[in-house]
Amino acid sequence: MFASSLLRLTSDSIFPAPVVNYWLEQLNPLWSTEQGRGRVLEIHPAASDSMSLLIKLNRQARHWQPGQHVQVRTWVDGIAHSRTYSPIPVPGRRDQMMLTIRKTPGGLMSHWLTAPERQGNWMDLTPLQSGFERPHQQQPLLLLAAGSGITPLFSLIMDRLHQLNPGPITLLYWVQRHEQACFTSHMERLRARHPCFNYQIIATQTGNPQNKHLESVEDLMPHLTDPRNTQILACGPHAFTECAKKLAQQLNLPCFAESFSLPKPAQAGAPVQVFLKRSQRQVVIPSGIPILSALEAIGIHPAYGCRQGVCHTCTCTRVSGITTDLLHQRMEHEADGALRLCVSTAESDLVLDL
Ligand code: FES
């Protein structure tokens, strides 16, 4: 209340907007009139290796859609770090979101963000137009999640089940062990409250031969409420989403899949010459590995966010040369084409607008 009165007062002031914004940010980072920001209200366990952060949002951080991503930027020891996560809506609270973060072994940001002492911290949040589109409210959905792929799909589940007359949703959720499954108590409550929602957790490392990886259409058939009119959405590692797409094709059903890993481990190949046009530098990097990592290895640090081809922070112009887009396994060579450095490898000498 006080903040919005102050904002109204200052927006009518005789001072230029950037000056007003500067002083508001000094008073409270969440009062920024330009930058999306959030403050961590609570941190609690979501699974054995994942934590959920409940975050209070300022106005600029509220323009995100369930199933899509936000870029989180924060400072660790004075150095800015960015990562991309899928937020989950908090029913009835447009001014809050939940971020569920898996603590990746050796990961800097995932451990830093989820430490209990981060409660009360604020972070920059930039909503991104990438990820899943909201499916039609009535169309039956079959959601296939593996590991961290659960977060955008759970976001869509929460969104749909809080609308009027939601269509049927079935979630198949693969984890290695049961204790790694997130949102289990939420999902149990949702299933009890919404007859249109069902789910199954498939823990592959329990010794139960029934709990196997996704392999064939027979794994999906029993879960299709309408075998001719179901939308399949899949999220997980690359091999998992490729399998989901192949099975959906066999079933003649539409499938939208998003993967958070590259198709195969990168292997350094023959060296190529790269001319960085803006900095007027000529460097040599190996082909075969993402250009972002190759440049970092020789001390050049372009801006990046997710390192997964999602946020587009690392996009630059390929003035000339041939690259491969690792996510789509596609060679690209048009002059002045946009290039995501984190998921592209060099196939020839290159000129980059960097
Ligand atoms: S760092 Fe996000 S797309 Fe490259």
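What you are looking at is a predicted structure, and each value in this text was computed from that prediction instead of being measured. (Residues numbered from 1 in each chain as written. Predicted model: local features only at pLDDT ≥ 70, side-chain atom pairs only at ≥ 80, totals over all residues.)

(A) Representation of the domain arrangement of the protein chain in the model. For the protein chain, the assigned domains are domain 1 (1-34), domain 2 (35-131), domain 3 (141-259) and domain 4 (271-352). The distance between the C-alpha centroids of domain 2 and domain 3 comes to 24 Å. Contacts between the two partners involve 16 residues from domain 2, matched on the other side by 15 residues from domain 3. Looking at the side of domain 2 that touches domain 3, the elements that each hand over two or more residues are strand 1 (37-47), strand 5 (87-90) and strand 6 (93-102). (Domains from an automatic or database assignment. Contact = placed C-beta atoms within 7 Å. Helix = DSSP H or I, 4+ residues; strand = E, 2+ residues; numbered from the N terminus.)

(B) A look at the nonpolar core. Leu 143, Leu 144, Ala 145, Leu 153, Leu 171, Tyr 173 and Ala 244 are the most contacted members of the largest nonpolar core, which has 57 residues in total. The residue makeup of this core includes at least three contributed by each of domain 2 (35-131) and domain 3 (141-259). Not counting the four nearest positions on each side in its chain, Tyr 173 is found in contact with Ala 145, Ile 150, Ala 181, Tyr 199, Ile 201 and Ile 202. Ile 285, Ile 291, Leu 326 and Ala 346 belong to the second largest nonpolar core, which has 18 residues in total. (Core = buried A, V, L, I, M, F, W, Y, C linked by C-beta atoms within 7 Å. Buried ≥ 20, exposed ≤ 12 C-beta atoms within 10 Å, placed from the backbone.)

(C) Broad picture of the environment of Met 331. Structurally, the position occupied by Met 331 is in strand 17 (residues 330-332). Apart from residues no more than four positions distant in its own chain, Met 331 is found in contact with Ile 322, Thr 324 and Glu 347.

(D) A look at the sheet that holds strand 10 (residues 197-203). Across the sheet, which stays open at both edges, the five strands sit in the order 10-9-8-11-12 with parallel pairing between neighbours. Pairing within the sheet leaves two strands with one partner each, and these edge strands are strand 10 and strand 12 (255-259). Put simply, the sheet's adjacent strands are angled 10 degrees from each other on average, direction ignored. Running at roughly 155 degrees to strand 9 (residues 169-175), helix 4 (residues 150-161) makes contact with strand 8 (141-146), strand 9, strand 10, strand 11 (231-236) and strand 12 of the sheet. (Pairing = 2+ DSSP bridges. Axes fitted to C-alpha atoms, helices over the stretch in contact; angles between N-to-C directions.)

(E) Seen up close, the sheet that holds strand 7 (residues 122-131). Taken in spatial order, the seven strands of this open sheet run 4-3-7-1-2-6-5, and their pairing is antiparallel. Across the chains shown, the open sheet's two edge strands, defined by having one partner strand only, are strand 4 (79-85) and strand 5. Neighbour-to-neighbour, the strand axes of this sheet turn through a mean angle of 35 degrees, independent of strand direction. Bridge count for strand 2 (residues 50-57) against strand 6 is seven bridges, and the pairing is antiparallel.

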